[in-house]
Amino acid sequence: MFGKTLLLLSHLLFAVVDIGAEIISFRANKTVLKQGDEAVLICEFSKPLPFGTKYHIIKFYRNQSLRFDEEEIDRFDLETEDTDPVATRMKLTIKNVELGDSGNYSCSLMQNHVTTYRFQYLAVEDEPDTIQFFLNDREIVNGSAPVKLRPNDAYRLRCETTGSNPRANISIMYGGLNLVLTNVSNSSAILRYDRAGNLPFLVPVEYNTTATVDRWVFTADTLSSALTCSAKVNINASGISTSFYPEIEDGAPLFVCNDTVYALSNQKDFSINCTLYSKPTLSKARFFFNTGKANLSIEGYPWGQETSTADRSYRGIVKVVNDLKFIMTLTISSTDTKANIKFNFEAENDRGITIHSVTLMDKGMVSFASPAKSSLKTLMLAAVLVLAFPRHL
C-alpha cells in the first residue's frame, strides 16, 4: 500500500515539475567582429535527469532561416561537447566572417513539442573603402595643394564615403573643432559650432545604401585652415580621413552691397554700407560722388579713422574686419532724395581697381497732422453725429 502511494506521488510530482533539459546560456566570444575574424557561439543546456524527459533536439539558426545542422558550408563547424556531467555544450564556429554573417543567431531546444530559444546578435563591421571631398560636385584630390576660392561665392562641399558596414559616422573638423554631429539613426545632422558667426554652413545630410554623404553649402570669405573629413563605423575604429585646403584666390577688390538704397527726404545721419573683399591686401579706398552742385571725394585711409568733407555733410570710414574683409561706410548728415545722387565706392589693390555705385532713391514722405487740425476734425465729426442721431446721443 505504501509503495503504491509513493509511486502515485512521484507521478504527480513529475507531471507538475519539468525536470527535462533546459538552455542555460547562449554566448559569443565577440559580438562585434571585423571581416576575417573567427566567431564562436556556444549554446549550453542542462542534461535531463534520469527520470526526466530524454527526447530533445538542439538547433542553430541565423535570422530564423539558415539552419546550420542542415547546411553544408565550409566556413561553419558545428560540434558537441559532452564531457560535463551536468551540461552539454554545442559550439558553432564561423571562420573568416563576412559582412553577410551579421544577424540574429538563435539556439533552440525542442522537447515534448515545446521549443524554447536564446538569441545572440553578431555584427560584422567593415571600415569605409573610400572617402572623398567634392566641391560643387567636382572631386578634390587629397593633398597639400590648396584649392582656390573666390570670396563671397557660394560653394557646395560634400564628403562621401563608400564600402562601410554599418553606415559610417562622418565628422568634419575645422581649425581643430568638430563642426557637425552626424546622427545616423534618423539621418540628420546638427550644426555644433559656428566659428564666431564667420562660417555660414548649411548642413543637410543624405544617406543611401551605398554611401554616407554630408552636404554643406558655405561662403569662403573667412576660411583660414584646412577642413578634414573623417569616417568610421564606431568610436573605437581607426577609420579613414581626407583634407581640403581652401585658399582665397587673388584678384581685384570685390564689393558686396546693394546697387540702390532708399531713404526719407531730409533723413539725418543716413549710412550706406558696402562689404569689401581684397586679396592681396587693400592699398587704397575712397568715396566720390556728384551732388549736382560739386564733385566731392573722401579718402578712406587711414583705415578705421573717419574722414569727411569740409562741412562734414558727408563722412566716410573704412573698417578692417580681417586681412581679407573690410566694411566701407558713407554717412550723409541730411539726405536729399530728390537729387537721386549716385555714390561711388572705389577700392584698389595690386591686382586692380574696382568701383561700385550705389544710387540713393526717395522712400517717400511721412506726414503727421498738427494738433490744431486734428482737434478741428474731431469737433466736426461730433457735430455730424449729433445732427444725424439726436435721439441716440
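Residues numbered from 1 in each chain as written. Predicted model: local features only at pLDDT ≥ 70, side-chain atom pairs only at ≥ 80, totals over all residues. Heavy atoms only, no water.

### Some thoughts on the overall build of the protein chain
(1) Moving on: From N to C terminus, the protein chain includes two helices and 32 strands.
(2) Moving on: For the protein chain, the residues scored as buried account for 37% of the 393 residues in total.
(3) Moving on: Nonlocal contacts in the protein chain, meaning residues at least 24 apart in sequence, comprise 61% of its contacts between residues at least 6 apart.
(4) Moving on: In the form shown here, the protein chain has an accessible surface area of approximately 22,800 Å², with 53% of it arising from carbon and sulfur atoms. (Helix = DSSP H or I, 4+ residues; strand = E, 2+ residues; numbered from the N terminus. Buried < 20%, exposed > 50% of the residue type's maximum accessible area, 1.4 Å probe, protein only. Contact = heavy atoms within 4.5 Å. Areas by Shrake-Rupley, 256 points an atom, 1.4 Å probe, with all protein chains shown as cover.)

### Things to note about the environment of proline 166
(1) Moving on: By secondary structure assignment, the location of proline 166 is in the loop between β13 (154-162) and β14 (169-174).
(2) Moving on: Classification of proline 166 by relative accessible area gives partly exposed; the value is 40%.
(3) Moving on: For the pair proline 166 and glutamate 125, spaced 41 residues apart in the sequence, the C-alpha separation amounts to 6.3 Å.
(4) Moving on: Setting aside residues up to four positions removed in sequence, proline 166 forms contacts with Glu125 and Val233.

### Details of the sheet that holds strand β5 (residues 66-67)
(1) Moving on: Pairing within the open sheet is mixed, and its five strands lie in the order β2-β9-β8-β4-β5. Strands at the two margins of the open sheet, each flanked by one partner only, are β2 (32-34) and β5.
(2) Moving on: Both strand β4 (residues 57-62) and β5 contribute to a ladder of two bridges, which runs antiparallel. The partner of arginine 62 across the bridge, within β5, is leucine 66. (Pairing = 2+ DSSP bridges.)

### Quick look at the nonpolar core
(1) Moving on: In terms of nonpolar packing, the biggest core is built from 25 residues, with Ile272, Tyr314, Met328, Leu330, Phe343 and Phe345 touching the most fellow members.
(2) Moving on: Secondary structure elements with two or more residues in this core: β24 (260-263), β25 (268-279), β26 (284-290), β29 (314-320), β30 (325-334), β31 (342-349) and β32 (352-362).
(3) Moving on: Setting aside residues no more than four positions away along its own chain, tyrosine 314 makes contact with Phe289, Thr291, Leu296, Ile298, Thr307, Ser308, Thr309, Leu330, Thr331, Ile332, Ile341 and Phe343.
(4) Moving on: Leu33, Leu41, Phe45 and Leu66 belong to the second largest nonpolar core, which has 22 residues in total. (Core = buried A, V, L, I, M, F, W, Y, C linked by side-chain atoms within 4.5 Å.)

### Observations regarding the pattern of salt bridges
(1) Moving on: Counted according to the given criterion, the structure contains 16 salt bridges.
(2) Moving on: Of the charged contacts in the structure, one is a salt bridge between glutamate 44 and arginine 27, with a shortest N-O distance of 3.7 Å. Placement of glutamate 44 in strand β3 (residues 39-46) and of arginine 27 in strand β1 (residues 23-28) is noted, with a sequence separation of 17 residues between them.
(3) Moving on: The class for arginine 27 is partly exposed, based on a relative accessible area of 37%.
(4) Moving on: Each of Arg62, Arg75, Glu98 and Asp101 takes part in a single network of salt bridges with overlapping partners. (Salt bridge = Lys/Arg side-chain N within 4 Å of Asp/Glu carboxyl O.)

### Quick notes on the sheet that holds β24
(1) Moving on: A sheet is described by the order of its strands in space; here five strands give the open sequence β24-β32-β31-β26-β27, paired in mixed fashion. Whereas interior strands pair on both sides, the edge strands pair on one side only; in this sheet they are β24 and β27 (295-299). Averaged over all adjacent pairs, the angle separating strand axes in this sheet is 25°, with direction ignored.
(2) Moving on: In the sheet, β26 pairs with β31 via six bridges, with the strands oriented antiparallel. (Axes fitted to C-alpha atoms, helices over the stretch in contact; angles between N-to-C directions.)

### Brief notes about the pairing of β31
(1) Moving on: β31 sits mainly inside the fold: six of its eight residues count as buried.
(2) Moving on: Of the pairings in the sheet, the one linking β31 to β32 comprises eight bridges and is antiparallel in character. Looking across to β32, one finds that asparagine 349 is bridged to glycine 352.

### Considering the side chain of serine 164
(1) Moving on: Here serine 164 shows up in the loop between β13 and β14.
(2) Moving on: For serine 164, the contacting residues outside a window of four places in its chain are Asp126, Glu127, Pro128 and Val233.

### Describing the environment of arginine 158
(1) Moving on: If you trace the backbone, arginine 158 turns up in strand β13.
(2) Moving on: For the pair arginine 158 and isoleucine 140, spaced 18 residues apart in sequence, the C-alpha separation works out to 9.9 Å.

### Brief notes about the side chain of glutamate 127
(1) Moving on: Position of glutamate 127 relative to the elements: it lies in the loop between β9 (114-125) and β10 (130-135).
(2) Moving on: A polar side-chain atom of glutamate 127 sits 3.3 Å from the main-chain amide nitrogen of glycine 239.
(3) Moving on: Excluding anything up to four places from it in sequence, glutamate 127 contacts Lys34, Gly163, Ser164, Ala231, Lys232, Val233, Ala237, Ser238 and Gly239. (Polar contact = N/O pair within 3.5 Å; in protein donor to acceptor, adjacent residues only side chain to side chain.)

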